[in-house]
Amino acid sequence: MESTTDTLAEDAGIDAPAVSLHGWSLSGKQGDVFTDIDLEVPIGGIAVVRGSAGSGKTSFLLSVAGRMRVSAGEGRLGDIDIRKRARTVRGQVAVGHVGGLTDLEDDFTVAQHVAERQIMLQPWYKPWASKSTLREVIGLIRDTFTMAAEIIDELPPGTFSKDDAQRADFLIDDDGQVFVSELSELQKFFLEFGLASLSRPPVVVIDNIDYLRESADRARAWAGILIYQQLRRSRDPEDPLTVIVSCEDSSELDIATRSLGSRAEPSLVELELPARPPASRGSKH
């Protein structure tokens with residue numbers, strides 16, 4: 001995978017990275033989870049964190065998001081010290097998908113999930129979401145899907161088509177009244193990503209994109225991330241979105257970048273986490 005980090009940073013006139021880690025390490029009772037990681041993710045870029053199951057990818061993402069304390073190292077989210085100001089970091093880094101943390105409620109509708117997230121983003125003294133606000137948010141989501149479909153329509157015949165945008169669209173009805181249990185895995189992925197993006201955070205982390213079982217769905221998921229980044233950059237060049245995604249195999253990202261071409265030219269950095277040795281038999285855990 002070719003990295004275009006330097007090119008994009010220079011073109012955008014951006015100097016400071018979105019995320020900067022040096023010697024980032026986490027140890028537990030069974031030994032090192034990950035150790036001595038150096039990483040710089042440019043603003044508006046994508047960091048791909050690869051590793052086999054059990055290599056510490058989830059813990060790494062949660063540590064960057066300020067939700068897990070590391071044992072050693074220095075880390076900054078922009079100008080924010082991640083270790084010293086974890087609470088502030090949690091308000092800046094949204095979690096798009098982490099199994100067991102962001103799981104959707106099957107018995108909730110899409111609109112209920114959107115309303116719940118809207119309430120979380122409001123002051124404590126306003127624990128509700130009005131119908132007008134909900135309609136406004138759903139309208140914004142609908143517009144985003146429409147623009148994504150227009151981008152795909154402009155591509156030369158190839159991997160993606162309008163059908164791919166329709167497969168990803170979780171707003172099956174106009175009012176978001178479809179239940180989560182009726183959504184496909186891909187639609188749930190984009191609902192989680194959409195909920196994470198509602199607050200317009202600088203950074204979104206997404207764990208284990210491989211949970212999408214079909215290769216075609218993983219390619220659609222990567223393409224959707226790239227297209228959303230491009231749309232947000234075009235809407236507000238001063239507020240680009242940086243995404244950190246973990247996976248075991250990023251080959252579908254290559255498919256997405258090749259297919260989208262100049263419509264989405266991400267700044268990519270890659271990190272490979274080594275497999276962790278099995279716990280010793282004498283371990284109590």
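This text goes with the structure placed above it.
Residues numbered from 1 in each chain as written. Predicted model: local features only at pLDDT ≥ 70, side-chain atom pairs only at ≥ 80, totals over all residues. Heavy atoms only, no water.

A. Just the nonpolar core, in detail. Phe170, Phe189, Ile209, Trp222 and Ile225 are the most contacted members of the largest nonpolar core, which has 56 residues in total. Residues Val33, Phe60, Val203 and Val205 belong to the second largest nonpolar core, which totals 31 residues. (Core = buried A, V, L, I, M, F, W, Y, C linked by side-chain atoms within 4.5 Å. Buried < 20%, exposed > 50% of the residue type's maximum accessible area, 1.4 Å probe, protein only.)

B. Highlighting the pairing of strand 1 (residues 17-28). Pairing between strand 1 and strand 2 (residues 31-42): 8 bridges, direction antiparallel. Residue Pro17 lies in a different strand from strand 2, and its bridge partner there is Pro42. (Pairing = 2+ DSSP bridges. Helix = DSSP H or I, 4+ residues; strand = E, 2+ residues; numbered from the N terminus.)

C. Quick look at empty space enclosed by the protein. The full count for this structure, using the stated rule, is 1 cavity of 30 Å³ or more. In this structure, the largest cavity spans a volume of roughly 30 Å³. Lining the largest cavity are Gly44, Leu226, Gln229, Gln230, Arg233, Ala264, Glu265 and Pro266. Class assignment of the residues belonging to the lining of the largest cavity gives a composition of 3 nonpolar, 3 polar and 2 charged. (1 Å grid on protein atoms, 1.4 Å probe; cavity = no way out; pocket = protein on both sides within 12 Å on 5 of 7 lines; lining within 4 Å. Points joined across faces, edges and corners; volume = space filled by probe spheres on them. Nonpolar A, V, L, I, M, F, W, Y, C, P; charged D, E, K, R; others polar.)

D. Structural detail: the pattern of salt bridges. Using the criterion set out here, one finds 12 salt bridges in the structure. Arg50 is the partner of Glu270 in a salt bridge, and the nearest nitrogen-oxygen pair spans 2.7 Å. Residue Glu270 is located in strand 9 (residues 268-272), and its partner Arg50 is located in strand 3 (residues 46-50); the two are separated by 220 residues in the primary sequence. For Asp169, the salt bridge is made with Arg142, and the minimal N-O distance between the two is 2.5 Å. Remark: Arg142 occurs in helix 5 (residues 131-154) and Asp169 occurs in the loop between helix 6 (162-168) and helix 7 (185-197); sequence separation between them is 27 residues. (Salt bridge = Lys/Arg side-chain N within 4 Å of Asp/Glu carboxyl O.)

E. Quick look at unusual backbone geometry. Positioned with a positive phi, Asp36 is a non-glycine residue whose angle comes to about 55°. Within the secondary structure, Asp36 is located in strand 2.

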